[in-house]
Amino acid sequence: NYEQSEALKFLEGSNNKFDVSVLQGTTGSGKTIVYFERIKKIIEQNKQALVMLPEIFLTNDFKSRFEEYFGFQPSIWHSKITQKEKRIIWKGIINNEIKVLIGARSSLLLPFKKLGIIIVDEEHDTSYKQDEGVIYNARDMAISRANFEKIPIHLVTAVPSIETYNNICNKK
């Protein structure tokens, strides 16, 4: 629809350089389709896309929607996959054979060679905060990685986190 087209135009305005954008809309408003279109253009440029989800249980539904839209399966990364799957994904990421990876917090640490975009879906979710062992916020680390890689990052949410809302108000 018109709003989705305008949102996509706005997101594409970053010209694939570092830029933090918030894609906000109510549940069912079509945010996912907007960033799927964004991902499609990134992989057409032979670059990789990382979509972070806050919870493992969200990956199956997301994978189905992705497969229906793109016609291929994304790779999935989280703590429940086997060591063999981890090795296959690690190798695929390094060799730029894997174009889209859907993952939990730890996916941010994978050795992408041609990362072109990071999407943090449900950016407001507190599950992005790791509070055991090494303590970090994966959403904030994703922003840092995007800055380091000089690529766009899209924070997707129905209701922005307090931190994100504050950054919007302060034009950060």
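Structure shown above.
We now turn to the structure provided with this report.

Analysis parameters
Residues numbered from 1 in each chain as written. Predicted model: local features only at pLDDT ≥ 70, side-chain atom pairs only at ≥ 80, totals over all residues. Heavy atoms only, no water. Salt bridge = Lys/Arg side-chain N within 4 Å of Asp/Glu carboxyl O. Helix = DSSP H or I, 4+ residues; strand = E, 2+ residues; numbered from the N terminus. Buried < 20%, exposed > 50% of the residue type's maximum accessible area, 1.4 Å probe, protein only. Arc of directions from axis to C-beta. Contact = heavy atoms within 4.5 Å. Polar contact = N/O pair within 3.5 Å; in protein donor to acceptor, adjacent residues only side chain to side chain.

## Regarding the pattern of salt bridges
Inference 1: If you walk through the whole model with that rule in mind, you get eight salt bridges.
Inference 2: A salt bridge links Glu37 to Lys40; its shortest N-O distance comes to 3.2 Å. Of this pair, Glu37 and Lys40 both sit in helix α2 (residues 31–44), three residues apart, which is roughly one turn of the helix.
Inference 3: The class for Lys40 is partly exposed, based on a relative accessible area of 30%.
Inference 4: A salt bridge links Arg139 to Asp140; the nearest nitrogen and oxygen atoms lie 3.0 Å apart.
Inference 5: What you see here is one network of salt bridges that share partners, running through Glu123, Lys129, Arg139, Asp140 and Glu163.

## A closer look at helix α1 (residues 2–12)
It helps to recall that an α-helix has 3.6 residues per turn; residues three or four apart then point in one direction.
Inference 1: Those residues of α1 that sit buried are Gln4, Ala7, Leu8 and Leu11. For α1, the arc enclosing every buried residue in end-on projection is 100°, short of the 170-degree limit, so these residues lie on one face. Of the exposed residues in α1, those oriented more than 90 degrees away from the buried face are Tyr2, Lys9 and Phe10.
Inference 2: Buried residues along α1 sit in contact with β1 (19–24), α2 and β8 (152–157).
Inference 3: Between the side-chain oxygen of the N-cap and the backbone nitrogen of Glu3 there are 3.1 Å, and the N-cap of α1 in question is Asn1.

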